[in-house]
Amino acid sequence: MSQNDTTREKRRSKFSEKYLGIVILLLLVFAFWAVFKILTPANFGTPSKLASYLQSCLIYAVGGCGLYFIVVMGLWDFSIGANVVLSSILACYFSQKFGYAGLIMAPIVCGTLIGLLNGIVYIKLHIPSLIVTVGLSLIYESLGVFATQGSEQVLSSSYRAFGQYPGCLILALLAFLFAAFILNYTKIGTYTYAIGSNEYVAKNMGVNVNKYKVIAFVLGGFFIGLMSILTISYGTSMTAASNMSSMSRNFMPMMGVFVGLAFRKYKKPITAIVIGEFIVALLFNGFVALGAPTTIQNVVTGIALLLIVTVTAKPVKGAVVK
């Protein structure tokens with residue numbers, strides 16, 4: 001075999017490996033859709049319903065993109081839910097003052113500042129990020145209660161373009177492209193993976209580890225701000241949370257991130273996060289169509305997610321609690 005043939009063979013091999021993960025995930029999408037479509041053909045999987053599933057999954061996938069920067073380093077952020085609640089409340093308030101400019105800028109600024117605060121407190125206190133973000137989430141919840149006095153905040157019908165197509169799709173696509181660009185073409189992405197793979201080696205190579213951990217939290221907060229725009233536009237109202245009730249909002253973005261981590265070796269984590277969230281949406285809506293109790297839905301969905309990650313991926317270095 002000539003050198004040119006060898007080079008072409010290597011390129012074909014890399015191309016095949018690059019898109020293998022996407023093919024696997026799309027096959028899983030079809031498999032889950034087919035199972036529920038057979039079991040309940042009238043209530044599941046029509047084009048209009050699939051569009052609805054996609055819309056809801058886009059919201060969580062945008063948040064998952066931000067969380068990916070944090071988790072791939074082996075860190076955690078359990079303040080996502082509180083961030084979404086507070087950012088959505090501010091989106092409602094400032095949209096009344098400044099229209100779409102307030103709707104967009106308020107949650108982005110709020111989410112980014114919360115991410116910055118999370119990162120600084122984590123670095124300064126030298127305690128696990130899980131503990132830091134859980135503690136801070138209580139403060140963010142309290143701020144939401146204080147700002148609203150417990151009253152429900154409703155987004156005006158004049159500012160709900162991001163709660164329907166094509167607004168939600170355009171905003172989500174811009175978020176996905178931005179996340180992919182940072183990971184693939186910037187120093188931030190390179191150092192993020194370096195720290196996640198081996199923090200000690202990255203530090204010895206001259207990487208300012210603490211700086212890039214803070215940047216990861218800032219990026220996470222920025223994308224949570226975008227997620228908040230989609231959340232309030234889709235749900236149209238938000239009530240302040242208390243007693244850690246916002247914590248339930250953490251887990252849907254995390255599911256997508258777990259899939260992204262699992263398929264990281266295929267070099268398409270953002271695509272994997274989006275498709276992973278769509279798979280989760282199919283599962284939830286499939287069980288709703290079957291009339292299954294919520295408890296059973298959560299149990300089976302959790303088991304299915306664990307099986308997907310276990311069967312299709314190797315453990316990711318660096319994915320430890322810090």
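Fair warning: this is a prediction, and the values are worked out from it, not measured in the lab.

Parameters at a glance
Residues numbered from 1 in each chain as written. Predicted model: local features only at pLDDT ≥ 70, side-chain atom pairs only at ≥ 80, totals over all residues. Heavy atoms only, no water. Helix = DSSP H or I, 4+ residues; strand = E, 2+ residues; numbered from the N terminus. Contact = heavy atoms within 4.5 Å. Expected span 1.5 Å × (residues − 1). Bend = angle between axes of the 7 residues up to and from the residue. Core = buried A, V, L, I, M, F, W, Y, C linked by side-chain atoms within 4.5 Å. Buried < 20%, exposed > 50% of the residue type's maximum accessible area, 1.4 Å probe, protein only. Axes fitted to C-alpha atoms, helices over the stretch in contact; angles between N-to-C directions. Parallel < 35°, antiparallel > 145°, perpendicular 65-115°, else oblique. Left-handed = near helix turned anticlockwise from the far one by under 90°. Nonpolar A, V, L, I, M, F, W, Y, C, P; charged D, E, K, R; others polar.

(A) Focus on the overall build of the chain. Scanning the chain from N- to C-terminus turns up 12 helices and two strands. The linear arrangement of helices and strands in the chain, starting from the amino end, is α-α-α-α-α-β-α-α-α-α-β-α-α-α. If you take every contact in the chain between residues at least 6 apart in sequence, the share linking residues at least 24 apart comes to 82%.

(B) A look at helix 2 (residues 47-71). Along its 25 residues, helix 2 runs 34 Å from first to last C-alpha, staying within 8% of the 36 Å computed at 1.5 Å per residue. Approximately 30° is the largest bend angle found in helix 2, and it occurs at Cys65.

(C) Quick look at the nonpolar core. One finds Val62, Tyr68, Phe69, Phe176, Phe223 and Leu226 to be the most contacted residues of the largest nonpolar core, which totals 70 residues. If you tally residues by element for this core, the top one is helix 9 (residues 209-235), at 13 residues. Not counting the four nearest positions on each side in its chain, Phe69 is found in contact with Ala179, Ile182, Leu183, Thr192, Ala216, Leu219 and Phe223. Grouped together as the second largest cluster of nonpolar side chains are 22 residues, Ile22, Phe32, Cys57 and Leu282 included.

(D) Seen up close, the side chain of Ser87. Turning to its location among the elements, Ser87 is positioned in helix 3 (residues 80-98). If we ignore the near neighbours within four places in the chain, the residues touching Ser87 are Pro107, Cys110, Gly111 and Ser228.

(E) Examining the packing of helix 2 against helix 9 more closely. Remark: helix 2 packs on helix 9, axes separated minimally by 6 Å, with the N-to-C direction vectors making an angle of 165°. Between helix 2 and helix 9, the crossing angle belongs to the class labelled roughly antiparallel. Judged by the sense of rotation from one axis to the other, the crossing of helix 2 with helix 9 is left-handed. Across the interface between the two elements, Ser52, Gln55, Ser56, Leu58, Ile59, Tyr60, Val62, Gly63, Cys65, Gly66, Phe69 and Ile70 of helix 2 pack against Ala216, Phe217, Leu219, Gly220, Phe223, Ile224, Leu226, Met227, Leu230, Thr231 and Tyr234 of helix 9. Counted by class, the contact of helix 2 with helix 9 contains 16 nonpolar, seven polar and no charged residues.

(F) Layout of the packing of helix 4 (residues 100-125) against helix 5 (residues 129-148). Two elements in contact, helix 4 and helix 5, have axes whose closest approach is 10 Å; the angle formed by their N-to-C orientations is 135°. In terms of axis orientation, helix 4 runs oblique to helix 5. The two elements helix 4 and helix 5 meet at a crossing, and its hand is right-handed. Where helix 4 abuts helix 5, its residues Ile114, Leu117, Asn118, Val121 and Tyr122 lie against Ser129, Val132, Thr133, Leu136 and Tyr140. When its residues are assigned to classes, the contact of helix 4 with helix 5 shows seven nonpolar, three polar and no charged.

(G) Spotlight on unusual backbone geometry. With an omega of 0°, the peptide bond running from Tyr165 to Pro166 counts as cis. For Asn243, which is not glycine, the phi dihedral falls at a positive 55°. Relative to the helices and strands, Asn243 resides in the loop between strand 2 (237-238) and helix 10 (251-262). Phi is positive for Met244, which is not a glycine, with a value near 65°. Tracing the backbone through its elements, the reader meets Met244 in the loop between strand 2 and helix 10.

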